[in-house]
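Per-entry structural report
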2 protein chains.
Amino acid sequence: MIVTNMDRTQCMALLRASRLARLACVKDGRPYLVPVTYAPDGDNLYGFSLLGQKVEWMRGNPQVCVQVDSFEGEREWRSVVAHGRYEELPDLVGWKVERERAWSLLSKEAHWWEPGAFKPVPEPPTHRIFYRIVVEEVSGRHAFPEGTAGGGVPR
Amino acid sequence: MIVTNMDRTQCMALLRASRLARLACVKDGRPYLVPVTYAPDGDNLYGFSLLGQKVEWMRGNPQVCVQVDSFEGEREWRSVVAHGRYEELPDLVGWKVERERAWSLLSKEAHWWEPGAFKPVPEPPTHRIFYRIVVEEVSGRHAFPEGTAGGGVPR
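Our subject in this report is the structure included herewith. (Residues numbered from 1 in each chain as written. Chains lettered and ligands numbered in written order. Predicted model: local features only at pLDDT ≥ 70, side-chain atom pairs only at ≥ 80, totals over all residues.)

1. Concerning the interface of chain B and chain A
Interface size is commonly expressed as the accessible surface area that is lost when the partners come together. For clarity, the cut-off: Remark: residues whose backbone-derived C-beta atoms lie within 7 Å of one another are considered to be in contact. Each helix is a run of DSSP H or I of at least 4 residues and each strand a run of E of at least 2, with the numbering of both proceeding from the N terminus. When residue character is reported, Ala, Val, Leu, Ile, Met, Phe, Trp, Tyr, Cys and Pro are called nonpolar, Asp, Glu, Lys and Arg charged, and the others, Gly included, polar.
The interface is formed by 26 residues belonging to chain B together with 26 residues belonging to chain A. Contributing elements (two or more residues each) for the side of chain B that touches chain A: β2 (20–27), β3 (30–37), β6 (63–71) and β7 (77–89) of chain B. Counted by class, the side of chain B that touches chain A contains 15 nonpolar, six polar and five charged residues.

2. Examining the nonpolar core
Applicable threshold: Under the definition applied here, buried Ala, Val, Leu, Ile, Met, Phe, Trp, Tyr and Cys residues are grouped into a nonpolar core through C-beta atoms within 7 Å. The exposure scheme places C-beta atoms from the backbone and then counts, for each residue, the other C-beta atoms within 10 Å of its own, assigning buried at 20 or more, exposed at 12 or fewer, and partly exposed in between.
In terms of nonpolar packing, the biggest core is built from 69 residues, with A:A24, A:V64, A:V66, B:A24, B:V64 and B:V66 touching the most fellow members. If we ignore the near neighbours within four places in the chain, the residues touching A:A24 are A:P31, A:Y32, A:L33, A:V64, A:C65, B:A24, B:P31, B:L33 and B:C65.

3. Regarding helix α2 (residues 53–60) of chain A
Residue and element names in this part refer to chain A. The test is simple: Our arc is simply the arc of the directions from the helix axis toward the C-beta atoms.
For α2, the complete set of buried residues consists of K54, W57 and M58. Buried residues along α2 cover an arc of 100 degrees about the axis, so they all sit on one side. Looking at the buried residues of α2, the elements they touch are β2 (20–27), β3 (30–37), β5 (44–49), β6 (63–71) and β7 (77–89).

4. Comments concerning the environment of B:L105
Residue and element names in this part refer to chain B. Position of L105 relative to the elements: it lies in helix α3 (residues 96–106). For L105, a count of 19 C-beta atoms within 10 Å puts it in the partly exposed group. Put simply, L105 and F48 are 57 residues apart on the chain and 11 Å apart in space, counted from C-alpha to C-alpha. Other than its neighbours up to four places away in sequence, L105 contacts A39, D41 and Y46.

Given below as structure tokens:
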């Protein structure tokens, strides 16, 4: 088994190719960790949520960590860890363009709204939390068996 | 899409059936999140690690969060979030039984030592970190399409 570090370009490529991540946030020194779906755009990951523990904690402390992985067969995997900042896109004057951007990106994904509680409509729904994670630091590892090329990724 | 809460028994069943989790820890209000493999035993999740950021952070703050999920088809999933406490099993007199317990559980899993840097041997290797996460609180959600029985899990 060989484990190599992924560079920023490789890390961002995996973040941009994925739609499912795990997201960790913190309150009073205690972590909370949930799966989230997202839509990538540049260095931003756009997401949607109902109001709940995750959003409340991220409002209190916007420092988050996002992890994405891919498994290619039993013995080859990639994992990217991104540190970033939570930014809410409130339903207020001045945020309309950003909210519509998030909606536009997210609504392209089949089932992206699940387990949300509404049907897809042309306009962004109100009373839902739209947010983005601004990725600040990334690191990643790529593991593959000795003697293979590791899926063609440069070593 | 129907989303139901899982009770403690259902949550522990998923934790005990899984071998791959995501684990979040905290330092200075900042989360860190990585995938880990583990071996379950009662309310404990046994793991192994080389010394690194994860272990250093958990030594400083043993409060951790572990998340496990399973996807049964495109539209049915379960996710369990467990809050727990990191306990290291040091290579010291007085910890031999616990370390050998961890080793015994972990060595049953094919490839469990990957991406470790050693081959399986009959005795626990030294200079490796064995630990357990003591699960204290669990919660879980089970999502499935309307009109299905949700994989036979009681609703």
